Structures are given as C-alpha cells and as structure tokens.
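Below are the chains, spelled out letter by letter.
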Amino acid sequence: MIDTHSHIATNIEGLDFVVMSGANMADSKNNLILAKNNKKLLAAVGIHPQEIKDDINDLEKLISNGVVAIGECGLEFTDNVDKEKQIIYFKKQIDLAQKYNKALIVHSRKASSETIEILKSYKDLRGVIHCYTGGKKRIKSYLEISDNWYFGIDGNLTYEDGLVEVVKNIPKDRLVLETDSPYLTPVPHRLEPNCPQNIKFIYQKVAEIWEMSFTETEKIIDENAKRLFGIK
Ligand SMILES: [Zn+2]
C-alpha cells in the first residue's frame, strides 16, 4: 500500500511508501529530512495556494534527486484570496515540475475550470489531481489533457456516496489513493485525526467498488502510484 499524500510521518507500519506533501517552505524542508532518514517516506516540496507568503523563488533550491514531486500547489478560489498571486505560484511550480521531470501534486478547490485551463497548456507534464472533487464530468477533461494525469481519492470515499460514482468513472490505471493525514479520516475512525495506516480502509472500499480482491486492487493502485512518482 502507498499513501500518496500525507502531512504526517507517523503510523506508517504496513505501508510500502508514503509521499509527504509540502504545503510551505518549512514543511518542504522537513520532508527532505524525513525522506533522508526513512526510505519509506518520499518527499514532495511545494507551496499550497493558501500559503503563498513564502518566496516562491526559494523553492527551486530544495529540489534534488530525492524529491519525487512538486506540490501541493494549485488554486483554491474560496473567499478573500489573491487569485492572481495563486496563479503565479501555481505556474512557477508547474515550470519546476517540467524542468526537473517531477510529478506535480495539484490542489484545486472551487477552481476546476481555471485549473484545467492552465494545465492544458503543458502537454509533457505528469501529476495527480489531489483529493479529486471535480465530479464525474470533469474526469474526461483531465484525461483529455494528456495520458499523464491521475486522480487522488481520499477517505471521504468511505462516507460520500457521490464519490463512489466518481471512482467508477476513473480508469483503473489512473487512480491513486491518499489519506491527506491528519485530515479526511475514513470510516471507521472518523472522529480521530487521520494517519497513513488508515489508507487500508480506502483500498478496501475501492476493492468493493471494483468487485476485486484486496490484493488485486492493491497491485493495480500501487503500480499507478509507482508510475506517477517514479518509485522503483
Ligand atoms: Zn494536503
């Protein structure tokens, strides 16, 4: 099992890998240290659209062979945000993913069409739409950009019926799973903070939806994650 998006590096027993998402410079630097000390922890470096205070020009200095992805980055058009600054930070991180051939972890909330519009102009980019909430109809729009886009599905799959339909519409070779720990805890632990080990409940739910065994499901999803992040 691979948790492709966590902000927490504990409770990882039983997992093969955990991708540590970077939300700001401090986080990103910490991810590099974590990855250096534990082979299971893989570092992403990035600046989240709600954390665009740090200087974006500093991010490039953190990129090395050990980094598997740039992000999480993207657009979150909720109240009172500087949309233009978010777009600048997003595009800058897309450029880095391209330059260094890294996966891009995209955070997109209330900004699906703007996100798709931007990603469309980069054909040779690969990445994941983290915590995908674009609904059934936007799956196609992302798939049309290129063959390199994946959908990250989280613990809310265990309690949101709409997401079951979404998962049924995502091609099996484009699905990756993520906990987004400490957020989005799946059933049966919803009242507790989330941790990477809870990823098993999301794998189990996908196995039920696909009507496949846990082992077969795990094999497909882990291959997807390895392809996306270049994990050997
Ligand atoms: Zn996150």
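Up top is the structure.
Predicted model only: the values in this text are computed from it and were never measured.

Enquirer: Describe the overall build of the chain, listing the residues and the values that go with them.
Expert: Broken down by element type, the chain carries 7 helices and 8 strands. Radius of gyration (C-alpha) of the chain: 16 Å, near the 17 Å computed for a compact globule of 232 residues. Once the C-alpha set of the chain is aligned to its principal axes, its extents read approximately 45 × 40 × 35 Å. The buried share of the chain, reckoned over its 232 residues, is 44%.

Enquirer: How would you explain the nonpolar core if you had to name every residue and give the values?
Expert: Residues Leu42, Ala44 and Ala69 are the most contacted members of the largest nonpolar core, which totals 55 residues. Considering each element in turn, this core owes the most residues, 6 residues, to strand S4 (residues 67-76). Ignoring anything within four residues of it in the chain, the contact list for Ala69 reads Val19, Ala44, Lys102, Ala103, Leu104, Ile105 and Phe229.

Enquirer: If you had to explain the pairing of strand S7 (residues 149-153) to someone new, which residues and values would you point to?
Expert: Within S7, 5 of the 5 residues are buried, leaving the element largely enclosed by the surrounding structure. Residue alternation in S7 divides its side chains into two sets, Trp149, Phe151 and Ile153 and Tyr150 and Gly152, and both sets are buried. On the question of chirality, the crossover connecting strand S6 (residues 127-130) to the parallel S7 by way of helix H4 (residues 135-145) is right-handed. Looking at chain direction, S7 and strand S8 (residues 175-177) are connected through 3 bridges and run parallel. Its bridge partner lying in S8, Ile153 is registered against Leu177. After leaving S7, the chain enters helix H5 (residues 161-169) and then returns to the sheet as S8, a path that is right-handed.

Enquirer: How would you explain the environment of Asp3 if you had to name every residue and give the values?
Expert: Secondary-structure assignment places Asp3 in strand S1 (residues 2-6). The exposure class assigned to Asp3 is buried, which follows from the 30 C-beta atoms found within 10 Å. Separated by 149 residues in the primary sequence, Asp3 and Gly152 place their C-alpha atoms 10.0 Å from one another.

Parameters and conventions
- Residues numbered from 1 in each chain as written.
- Predicted model: local features only at pLDDT ≥ 70, side-chain atom pairs only at ≥ 80, totals over all residues.
- Helix = DSSP H or I, 4+ residues; strand = E, 2+ residues; numbered from the N terminus.
- Rg over C-alpha atoms; globule rule 2.2 N^0.38 Å.
- Buried ≥ 20, exposed ≤ 12 C-beta atoms within 10 Å, placed from the backbone.
- Core = buried A, V, L, I, M, F, W, Y, C linked by C-beta atoms within 7 Å.
- Contact = placed C-beta atoms within 7 Å.
- Right-handed = clockwise from strand over helix to strand, strands pointing away.
- Pairing = 2+ DSSP bridges.

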